[in-house]
Every structure is written in C-alpha cells, then in structure tokens.
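# Residue-level structural notes
Chain by chain, the residues run as shown.
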Amino acid sequence: MTLLITGGTVIGPTGADPADVLVDGEKIVAVFAPGTGPSDTETIDATGKYVIPGGIDAHTHMELPFGGTFASDTFDTGTRAAAFGGTTTIIDFAVQRTGEVVHDGLAAWHAKAAGNCHVDYAFHMILGGVDDDSLKAMDQLVADEGITSFKLFMAYPGVFYSDDGQILRAMQKARDNGAMIMMHAENGIAIDVLVQQALARGETDPIYHGITRPEALEAEATHRAIMLAEVAQDCPLYIVHLSASRALAEVAAARDAGRNVFAETCPQYLYLTLEDQLGAPGFEGAKWVCSTPLRSKHEHHQRDLWQGLRSNDLAVVSTDHCPFCFKDQKELGVGDFSKIPNGIGGVEHRVDLLYQGVVDGKLSLQRWVETIATTPARMFGLYPRKGVVAPGSDADIVLYDPNGRTRISVETHHMNMDHSAYEGYEIAGKVDTVISRGEVIVSSGEYRGTKGRGQYLPRGLSSYLV
Ligand code: DUC
Ligand code: ZN
Ligand code: ZN
C-alpha cells in the first residue's frame, strides 16, 4: 500500500524543505518537490506541519528493577506512551545483574519486550559485573545479537558499580570490537560517604539526594572516564544523562582534543531544578529524585546544556525514562531519601519539550531533529534505517504541528505513572500524526496501533567512529 504525505515541510539535519513524501509498505520510497508526486494514492495532508523522522529515545528503562521495586512502565505501556509523543524507536537497557550470566540477563529482557512493544526497540546492555565471562559476552553480543553498546556505572556501589580496573578492561574490549561504552559518571564511593553523613545529621528530605551528589563528583567521574578511555586507546565513550556544567566542560575539552567522546543530556536537566522540584515542600520532591540529580538554578547549568546542544558537545537528548509511581514506590523513601527509587518518567514528552527549545530560540529546527532522531540513529548503529526522512529508510514519520499546543499532565499522559514530572507545562507545538514503518499509529490524539507490532532492531556499530 502506498501513502503520499503532501504539503508539509521536511526537516532534516541539512535543512527544512517543502516536499511530499511517498511511503510504500514499511519504507519511504521517494521525496518529491511539492505537488509532483503520484496522484493515484492515498494521501495525508500535512499542510502547515513539519515532517520529521520518528523520534529515537536512546535511553529508557522499562521495568527496571531498582531500589526494591520495578520501573512502573512495561514495554507495553511505555512504548505506547512513546508513540503518543512522536517517538517510534526506543533503545532500552537490558540488565546483567551482578553475578548473573550476561546472556541470561539479555534473554530476560527479550522476554519482557517480545510481543509487547508498540514501536520498534533495541537494547544496550548494562554490565553489572566485568569479568572474563562478561568480556567474552561483549564480543558475542556485538557479533551476534546486534548489541553494540554497554553501560557501566561509576555510581551505585554494591548494585551496578564497576571499579576503575573493571571499567578499563571493558573499555579495552570495546576498543577491540568497536562497541560504545556508555558511562554513568558519578563518583559513587564518595557519594555514599556524603549520603551517610547527611542521614546521620537527620537530613532525610528528598533535596538531600541532590545535595549529596554534587557537581564536582559528576565532573570528577566524567574526567576519570575520559582518561580511562584514553588509556584504552581512545575507546568510544558516551556519557549518559549529563547534568552539570563542569561535566560538560570535561566532555568539550576531550572533544576539542579530537577524542571519541560523546554525551547526552535529558529534558529534566534542561527544564527542572534542585530548588523548584527536588526541594518541593515535604516529601513531594521525591517525584524528581533521579541520578544524576537536578542541578541548582542559581548556577548556570541549563544555559550551558542548551549551549552544549547547539555546539554538539551534547549530541543527543534522551529521557532516561525510569518512572516510579509516587504512591508505594517513591514512598519507599519517606524518612530516608536514599531509599527513594531513582528515576523520572518522560518518554512521552521529549519531542515536545525539545521543540519548546526551538520556540524559545535555543535550538534550530534542524538541531531539534538531529538531537532527538538523526544523531541517536547514527550514534547507535540504526542509521540510515532510522533517523531520517529519505528514500530507503523505514517510514517512521511524525507530522508535527507548530500551531498546536500541548499541555502536559497526569490527567492526559499515557505513561503508567500517578504524577507527571512536568505537570502543567505548556508546549507551543503538538504531535499530530505518528507513522511507524508505514502504519499510522497515532492520529489526532487517537491511538491506532497495536501491542506487539514493534520489532526488535539489531544494531550496527556507531557511525561516528574513525
Ligand atoms: N538513574 C536514574 O535516575 N534511574 C535509573 C538508573 C540511573 O542511573
Ligand atoms: Zn545512569
Ligand atoms: Zn538510565
């Protein structure tokens, strides 16, 4: 079946062009000058809309076991919510728990996702332990499973933490097989000392989660990760959920030196703050407990992060979608902030929240599309199948209405959460239509897809490596 999208403006990294897009089955087959496409096909009128590649959220945690509970979105609820927000691919983190065989962790993640996804999905692998077996598994995952990126943690001692020797060994392996090392860069050993000292002083409210994870310990870990990657002969390194100016400066310096160092940030660090959200009265701030933490509005993190997005020192915007309900989940930490499960849900709102950056004059249209779709595809081996509106690519297309409005609220969102981290936010734009592999799955706010239609995407190596 063919479908012609007419009258819209196609946005890609190279520009904004009025064009008509022809879809045949699951693929884009042609891009025409306006009005020059075939006339004997079904059409969607995109007049006045932007035609952009479906969003790619390269950092989600559906059903992640964390802090004695599980992230509240399943692959079913989370990918449906993603679709509503214009995201047609997620890359979730399969987990090898400490002591577990890597392939068992991966099999468990496939079992959670298979038959449940509404949009396409791929996996990174969290290594909860680096040893001879997991190093061997890294080669196998790259060669046979389409998993070409591995997340390590410098935080969370006793849970996901790897020491510097383990990190170096994994980086050396990645240097050999071309995989990307994704790093949670916070000095977890030092943070744990600060946490114990705060609790001993009776500082138990959610805001102390942020205060005990200072910028210096993100910057230090970022620096250390970059140095370890240098020792591993410039192993590809991607810093996840970067939140702080001084961590960004470390990335920028490495990039200026020509290193294989990349970074992402997340909408929560661009919009939310330590004081206004994490410091909300009573226990309310628990809604915004995530790591890395929200940063102080009295510093200049948000200004610097937007600038980093413009300059490409921040290449990608992902959500780190890791939702927990307030009731019974966040409440596990009443009286002790260190027991609050870490995470914010946002998979539904990334495309809109970044579009607000365009409206506010902080990002160009092209850069919007690059950071939410094209670069994640290139970074994680999905390009050109995903991330671009071009012949040969999957027909993952979003019609975005710059004259629409989106009001974010728990009343209207589709994520399995009993609150919204962005309650009441108004966006001057709106996802109008979402097409995934040629199928219209969201139209005028109505869901038309089906559970199980999303396919697993084995990935290649990053396009950014030399
Ligand atoms: N950070 C979070 O906020 N949640 C899950 C894991 C992580 O690193
Ligand atoms: Zn992390
Ligand atoms: Zn994460």
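As the structure is a computational prediction, the values presented were derived from the model and not from experiment.

## Focus on the domain arrangement of the protein chain
Splitting the protein chain by domain gives domain 1 (2–52 + 390–415 + 427–447) and domain 2 (54–379). Here the C-alpha centroids of domain 1 and domain 2 sit 29 Å apart. Contacts between the two partners involve 24 residues from domain 1 and, on the opposite side, 32 residues from domain 2. Every element with two or more residues in the side of domain 1 that touches domain 2 is listed here: strand 1 (2–12), strand 2 (15–24), strand 16 (397–401), strand 19 (430–436) and strand 20 (439–443).

## Regarding the site of ligand 1
Residues in close proximity to ligand 1 include H61, F66, H184, C290, S291, D320, C322, N342 and G343, which together make up its full environment. Classifying every residue of the shell around ligand 1 gives three nonpolar, five polar and one charged.

## Some details on the packing of helix 7 (residues 215–231) against helix 8 (residues 245–256)
The N-to-C vectors of helix 7 and helix 8 enclose an angle of 20 degrees; their axes lie 7 Å apart at closest approach. Classified by the interaxial angle, the pair formed by helix 7 and helix 8 is roughly parallel. Helix-helix and strand crossings are classified by hand; for helix 7 and helix 8 the assignment is right-handed. Contacts between helix 7 and helix 8 involve E215, E218, A219, T222, H223 and I226 from the first element and R246, A247, E250, V251 and A254 from the second.

## Side note on the sheet that holds strand 14 (residues 261–265)
In spatial order, the strands read 6-9-10-11-12-13-14-15; together these eight strands make up an open sheet with parallel pairing. Each edge of the open sheet is held by one strand with a lone partner, namely strand 6 (55–60) and strand 15 (316–317). Here strand 11 (residues 149–153) runs beside strand 12 (residues 180–184); their pairing, made up of five bridges, is parallel. Considered in strand 12, the bridge of F153 is made with H184. The strands touched by helix 7 are strand 12, strand 13 (237–239) and strand 14; relative to strand 13, the strand with the most contacts, the crossing angle is about 170 degrees.

## Here we look at the pairing of strand 20
Where strand 19 meets strand 20, four bridges bridge the pair, whose relative direction is antiparallel. Each bridged residue has a counterpart across the sheet, and for S436 the counterpart in strand 20 is E439. The loop that links strand 19 with its antiparallel partner strand 20 comprises two residues; one of these, R437, has a positive phi angle of about 45 degrees. For strand 20 and strand 21 (residues 446–447), the ladder comprises two bridges, and the chain directions are antiparallel. Its bridge partner lying in strand 21, V442 is registered against Y447. The loop that links strand 20 with its antiparallel partner strand 21 comprises two residues; one of these, S444, has a positive phi angle of about 45 degrees.

## Notes on unusual backbone geometry
Trans peptide bonds make up the majority, and among non-glycine residues the majority have a negative phi. With omega at 0 degrees, the peptide bond leading from S291 into T292 counts as cis. When you line up the elements, T292 lands in the loop between helix 10 (274–278) and helix 11 (301–311). Cis geometry marks the peptide bond from Y383 to P384, where omega comes out at 5 degrees. Along the chain, the position of P384 falls in the loop between helix 13 (365–379) and strand 16. At Q233, a position not held by glycine, the phi torsion is positive, near 55 degrees.

## Here's the deal with the nonpolar core
Among the nonpolar cores identified, the biggest contains 147 residues, and V51 and I181 are the most heavily contacted of them. Take this core: its biggest share by element is seven residues, from helix 7. If you count residues domain by domain, this core takes at least three from each of domain 1 (2–52 + 390–415 + 427–447) and domain 2 (54–379). Residues contacting V51, with those up to four places away along its chain left out, are I5, G8, T9, V10, I11, V21, A46, V389, I397 and L399.

## Some remarks on helix 8
A rise of 1.5 Å per residue sets the reference length of helix 8, with its 12 residues, at 16 Å; its end C-alpha atoms lie 16 Å apart and thus fit the reference within 8%. By the burial criterion, the buried members of helix 8 are S245, A247, L248, E250, V251 and A254. Against the buried residues of helix 8 lie helix 7, strand 13, strand 14 and helix 11. Remark: G258 follows helix 8 within two positions and exhibits a positive phi of approximately 85 degrees.

## Considerations on the environment of V316
With respect to the helices and strands, V316 occurs in strand 15. Overall, V316 belongs to the buried group, with 28 C-beta atoms counted inside 10 Å. A C-alpha to C-alpha distance of 19 Å links V316 and T79, two positions 237 residues apart in sequence.

## Considerations on the environment of E284
Positionally, E284 belongs in the loop between helix 10 and helix 11. Residues E284 and D205 lie 79 residues apart in sequence; the distance between their C-alpha atoms is 9.3 Å.

## Looking at the packing of helix 4 (residues 164–177) against helix 7
Relative to each other, helix 4 and helix 7 sit at 50 degrees, their axes nearing to 9 Å. Classified by the angle between their axes, helix 4 and helix 7 sit oblique to one another. Seen from above, helix 4 lies across helix 7 with right-handed handedness. Residues D164, I167, L168 and M171 of helix 4 touch helix 7, and the partners they reach there are L228, A229 and V231.

The rules behind the values
- Residues numbered from 1 in each chain as written.
- Chains lettered and ligands numbered in written order.
- Predicted model: local features only at pLDDT ≥ 70, side-chain atom pairs only at ≥ 80, totals over all residues.
- Domains from an automatic or database assignment.
- Contact = placed C-beta atoms within 7 Å.
- Helix = DSSP H or I, 4+ residues; strand = E, 2+ residues; numbered from the N terminus.
- Near = placed C-beta within 6 Å.
- Nonpolar A, V, L, I, M, F, W, Y, C, P; charged D, E, K, R; others polar.
- Axes fitted to C-alpha atoms, helices over the stretch in contact; angles between N-to-C directions.
- Parallel < 35°, antiparallel > 145°, perpendicular 65-115°, else oblique.
- Left-handed = near helix turned anticlockwise from the far one by under 90°.
- Pairing = 2+ DSSP bridges.
- Core = buried A, V, L, I, M, F, W, Y, C linked by C-beta atoms within 7 Å.
- Buried ≥ 20, exposed ≤ 12 C-beta atoms within 10 Å, placed from the backbone.
- Expected span 1.5 Å × (residues − 1).

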